[in-house]
Amino acid sequence: MNDREMSCNTGGQFMDRGRMNQNGVVQPLLTDLYQITMAYAYWKSDKTDDQAVFDLFFRNNPFHGEFTIFAGLEECLKFLDSFHYSQSDIEYLRQTLPEGIENEFFEYLGNLTAHDVTLYAIDEGTVAFPRVPIIKLEGPLIIVQLLETTLLTLVNYASLMATNAARYRMVAGKHVKLLEFGLRRAQGPDGGLSASKYSYTGGFDGTSNVLAGKLFNIPVKGTHAHAYITSFSSVGELKTRLLKHKQTGIMEDLLEHAIRHRQMLSHVLDVSTEESSEGELAAMVSYAIAFPDGFMALVDTYDVKRSGLLNFSAVALALNDLGYHALGIRIDSGDLAYLSCLAREAFEKVADRFKVPWFNKLTIVASNDINEDTILSLNEQGHKIDCFGIGTHLVTCQRQPALGCVYKLVEINGQARIKLSQDVEKVTMPGNKNAYRLYSADGHALIDLLQKDSELPPAVGQKVLCRHPFQESKRAYVIPSHVESLYKVYWKAGKICQQLPTLEQVREKVQISLKTLRNDHKRTLNPTPYKVAVSDNLYNFIHDLWLQNAPIGELS
Ligand SMILES: Nc1ncnc2c1ncn2[C@@H]1O[C@H](COP(=O)(O)OP(=O)(O)OP(=O)(O)O)[C@@H](O)[C@H]1O
Ligand SMILES: O=P(O)(O)OC[C@H]1O[C@H](OP(=O)(O)OP(=O)(O)O)[C@H](O)[C@@H]1O
Ligand SMILES: O=C(O)c1cccnc1
Ligand SMILES: [Mg+2]
């Protein structure tokens, strides 16, 4: 039994492979059946020595936006590194594929690795654009074909999620904290883990997903649920009311302090203690005893204004008497703009009247079905929220549930291949290509340029003709102030060839890369499309090949 089978059998979803920690579900059989049936047909037709080039790219940016964050590369490399059909995989295929498949084919599969494949890619965390391949693979046709589905599943959701998260970050601004709360709503356990990982990549500050915290070293954060509050109905239920004073170490009755403060606070906040919930007070006191240095309370269970804020402030002042500073509140229903302002006003009053200036700095967390538009609307209204907890719409990518990365054959045995389509957008860019990003003097990315790999790279200060790939009249001369070659060799001769960045570094890369984009490409409403061009040489090559391959119709 190999490593993979052992880890699956023990139920462990992730396994250690030396320095690599790979999701155990990512394995060669995590693919579409047609990859394997094609492999057999290629093998039967003696194509084992054919050399192919495939491009992995998307045609449209998600979320009506004009950029995409490329993510998932590290997982692709781990997949190549471990690519191998186990004995039981081969057994399963023997039973599953149609009868008559020759035994030698299974032997061939059993010996396959990705060692003869070369993978070029844009750096993970970089902004990417339609039609510019984010990954390019060269190698034996059969193996490179077999990689298609797994690579796509590793890149599509990762990039979609990172892009979604980056968009939330952009609308929230850099000073507001963003927490991912989506595990319960994600597309299953693996979707949940990927969502936590790639929302962190895209710019979130942490997750409530504990396993993601452990596996990816992401900060884990959280408050408590309404159940905690509703599990208490009176202060009589409190089994313990005592808390050690932080400095003196003397045990004091926290509830007594809280009840005293609540009385005074009812005048300051203009609410009646009669109307507020005693169960909520009891729950908050008990939570504060459990976490005196990390007291953060949910205030919307009964009524934010008439109960939650009063009880929270009373317990926070009681903690203050014992030398502790509370952290803040979470609001999970109602008008989040209004309630956050109300809460901030209440805290300011308390800070002033009780001489506790740190009350002004209490954190206000908001959650409840938040999406990009909600944040934009809250910004317009004016709010006092310091942190958003976002689940459902973030992890399910509500506005667009899939990125359409595709994987297309562009060259075989040195011969370019083109896939024609009635829909011009879907015609593939044939041949082995290189990609460059040309920058203006002010540091902004101007245009991405695809060239034939035989062409010399564009040079700084030299005029380069950039052409729209399909519209003849659309072209421009660009004089770049800086030229970035987008591809690096990430995998060659069975080895990862670059120092892989940490998740933290990829996360930083996202923000650095986004800064190179002009604001009009990033705005939410009707952003300006970023230009993707081909060289004059590639333009002519594409159109010649197109003509050669397009059948001439006959009218009669
Ligand atoms: N000020 C606001 N501007 C725009 N959207 C808001 C504002 N406040 C809250 N929202 C959003 O409006 C929706 C309100 O949700 P919903 O209609 O379920 O009410 P609720 O407050 O959750 O009620 P419930 O008491 O049933 O929990 C949520 O998606 C929330 O993010
Ligand atoms: O709203 P989301 O963006 O998905 O964020 C996560 C939600 O999950 C929790 O409650 P849950 O939704 O389970 O119950 P509730 O809506 O009844 O509070 C939490 O209180 C948030 O509301
Ligand atoms: O910690 C929280 O507040 C939390 C976690 C998951 C979902 N909703 C809220
Ligand atoms: Mg909810």
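The name an unreviewed UniProt entry gives the protein chain is Nicotinate phosphoribosyltransferase, with Drosophila mojavensis as the organism. Under Sequence similarities (unreviewed entry), UniProt gives the following word-for-word description of the protein chain: "Belongs to the NAPRTase family." Per UniProt, the comment on the protein chain under Pathway (unreviewed entry) is "Cofactor biosynthesis; NAD(+) biosynthesis; nicotinate D-ribonucleotide from nicotinate: step 1/1."

Trainee: Is there a simple way to think about the pairing of strand β25 (residues 531–535) in this case?
Mentor: When you tally the buried positions in β25, you get four out of five residues, the bulk of the element. As judged from the four bridges shared by strand β19 (residues 445–452) and β25, these two strands associate in the parallel manner. Note on β25: the bridge partner recorded for Asp-448 is Val-532. Relative to β25, strand β20 (residues 464–467) is paired through two bridges, and the arrangement is antiparallel. Paired with Arg-467 across the strands is Val-534, a residue of β25.

Trainee: Where do I start with the sheet that holds strand β9 (residues 206–207) in this structure?
Mentor: As a general point, the strands of a sheet are linked pairwise by backbone hydrogen bonds and lie either parallel or antiparallel. Pairing within the open sheet is parallel, and its six strands lie in the order β9-β8-β15-β14-β13-β12. The open sheet has two edge strands with one neighbour each: β9 and β12 (296–298). In the sheet, strand β8 (residues 177–180) pairs with β9 via two bridges, with the strands oriented parallel. Following the sheet pairing, Glu-180 is matched in β9 by Thr-207.

Trainee: Can you help me understand helix α8 (residues 188–202) in this one?
Mentor: Across its 15 residues, α8 extends 20 Å between first and last C-alpha, which sits within 8% of the 21 Å expected from 1.5 Å per residue. Burial of α8 is extensive: twelve of the 15 residues sit out of reach of the surface. Looking only at α8, the buried set comprises Gly-191, Gly-192, Leu-193, Ser-194, Ala-195, Ser-196, Lys-197, Tyr-198, Ser-199, Tyr-200, Thr-201 and Gly-202.

Trainee: Please clarify how the site of ligand 1 should be interpreted in this entry.
Mentor: As a structural note, the neighbourhood of ligand 1 is formed by Ser-333, Gly-334, Asp-335, Leu-336, Ala-337, Asn-368, Asp-369, Ile-370, Thr-374, Ser-377, Leu-378 and Gln-381. The contact in question runs from an oxygen atom of ligand 1 to an N or O atom on the backbone of Gly-334, over 2.5 Å. Within the backbone of Asn-368, one N or O atom sits 2.6 Å away from an oxygen atom of ligand 1. When isolated, ligand 1 has an accessible area of 640 Å², and the protein chains bury 52% of it.

Trainee: For this particular structure, what's the right way to read unusual backbone geometry?
Mentor: Of all residues except glycine, most have a negative phi; of all peptide bonds, most are trans. A positive phi angle is found at Asn-217, which is not glycine, with a value near 60°. Tracing the chain through its elements places Asn-217 in the loop between α9 (210–216) and α10 (226–230). On the basis of relative accessible area, Asn-217 is assigned to the exposed category, the value being 64%. A positive phi angle, close to 50°, is found at Cys-397, a residue other than glycine. Along the polypeptide, Cys-397 turns up in the loop between α16 (392–395) and β16 (406–412). On the accessibility criterion, Cys-397 (0% relative accessible area) is buried.

Trainee: Is there a simple way to think about helix α3 (residues 73–82) in this case?
Mentor: Because an α-helix packs 3.6 residues into every turn, residues spaced three or four apart end up facing the same way. Here α3 lies mainly inside the structure; eight of its ten residues are buried. Within the span of α3, buried status applies to Leu-73, Glu-75, Cys-76, Leu-77, Lys-78, Phe-79, Leu-80 and Ser-82.

Trainee: I keep staring at the sheet that holds strand β24 (residues 495–496) and nothing clicks. Help me out?
Mentor: If you walk across this open sheet you meet the seven strands as β17-β16-β3-β7-β5-β23-β24, and the pairing is antiparallel. Edge strands, defined here as strands with exactly one partner in the open sheet, are β17 (415–416) and β24. Bridge analysis of β16 against β17 gives two bridges, and the strand direction is antiparallel. Considered in β17, the bridge of Ile-412 is made with Gln-415. Each of β5 (118–121), β7 (135–140), β23 (488–492) and β24 is contacted by α3, which is oriented at about 30° to β23, the strand it contacts most.

Rules used throughout
- Residues numbered from 1 in each chain as written.
- Chains lettered and ligands numbered in written order.
- Predicted model: local features only at pLDDT ≥ 70, side-chain atom pairs only at ≥ 80, totals over all residues.
- Heavy atoms only, no water.
- UniProt positions renumbered as here; feature names shortened; annotations may be inferred.
- Buried < 20%, exposed > 50% of the residue type's maximum accessible area, 1.4 Å probe, protein only.
- Helix = DSSP H or I, 4+ residues; strand = E, 2+ residues; numbered from the N terminus.
- Pairing = 2+ DSSP bridges.
- Expected span 1.5 Å × (residues − 1).
- Near = heavy atom within 4 Å.
- Polar contact = N/O pair within 3.5 Å; in protein donor to acceptor, adjacent residues only side chain to side chain.
- Areas by Shrake-Rupley, 256 points an atom, 1.4 Å probe, with all protein chains shown as cover.
- Contact = heavy atoms within 4.5 Å.
- Axes fitted to C-alpha atoms, helices over the stretch in contact; angles between N-to-C directions.

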